[in-house]
Amino acid sequence: MATLPSPRAILSLYGSTLRAARSFSSYNFRHYFMRRTKDTFRSMQAEENLARLSFAYNEAMKELEVLRRSATVNQLYGGRRLAVEH
């Protein structure tokens, strides 16, 4: 059986995921991943089943690693700023 993540670990993961989402140079990607992160963690907050909470936490950890790699690639090939960013 997987161990249950502490509330502090969940908040730390939430902050790390938001930080990774903010590091995208592309406006659309940045805002999409910030919305997606907030929605994911809201659903984790409402989860009452401990097994599902643990599974969701582990999935969010995997997604954080993918998000960090994607943000790095996005920074390498970032384009011009959009009009809404000025």
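Residues numbered from 1 in each chain as written. Predicted model: local features only at pLDDT ≥ 70, side-chain atom pairs only at ≥ 80, totals over all residues. Heavy atoms only, no water.

Of the regular secondary structure elements, the protein holds 3 helices and 0 strands. From first element to last, N terminus to C terminus, the protein shows the α and β order α-α-α. Put simply, the protein has 86 residues, and 28% of those count as buried. Pairs at least 24 residues apart make up 73% of the contacts formed inside the protein by residues separated by at least 6 positions. Per element, the accessible surface of the protein, about 6500 Å² overall, is 55% carbon and sulfur. Charged side chains in the protein number 14 positive and 7 negative. The centres of these two groups are separated by 9 Å. (Helix = DSSP H or I, 4+ residues; strand = E, 2+ residues; numbered from the N terminus. Buried < 20%, exposed > 50% of the residue type's maximum accessible area, 1.4 Å probe, protein only. Contact = heavy atoms within 4.5 Å. Areas by Shrake-Rupley, 256 points an atom, 1.4 Å probe, with all protein chains shown as cover. Lys, Arg positive; Asp, Glu negative; His and termini not counted. Charge placed at Lys NZ, Arg CZ, Asp CG, Glu CD.)

With that settled, the discussion passes to the side chain of T37. Relative to the elements of secondary structure, T37 occurs in helix α2 (residues 27-46). Here T37 falls in the buried class, since its relative accessible area comes to 5%. Side-chain polar atoms of T37 contact the backbone oxygen of F33, separated by 2.7 Å. Not counting residues up to four positions away in its chain, the partners in contact with T37 are Y14, T17 and L18. (Polar contact = N/O pair within 3.5 Å; in protein donor to acceptor, adjacent residues only side chain to side chain.)

Fair warning: the whole summary comes from geometry, so function is off the table for now.
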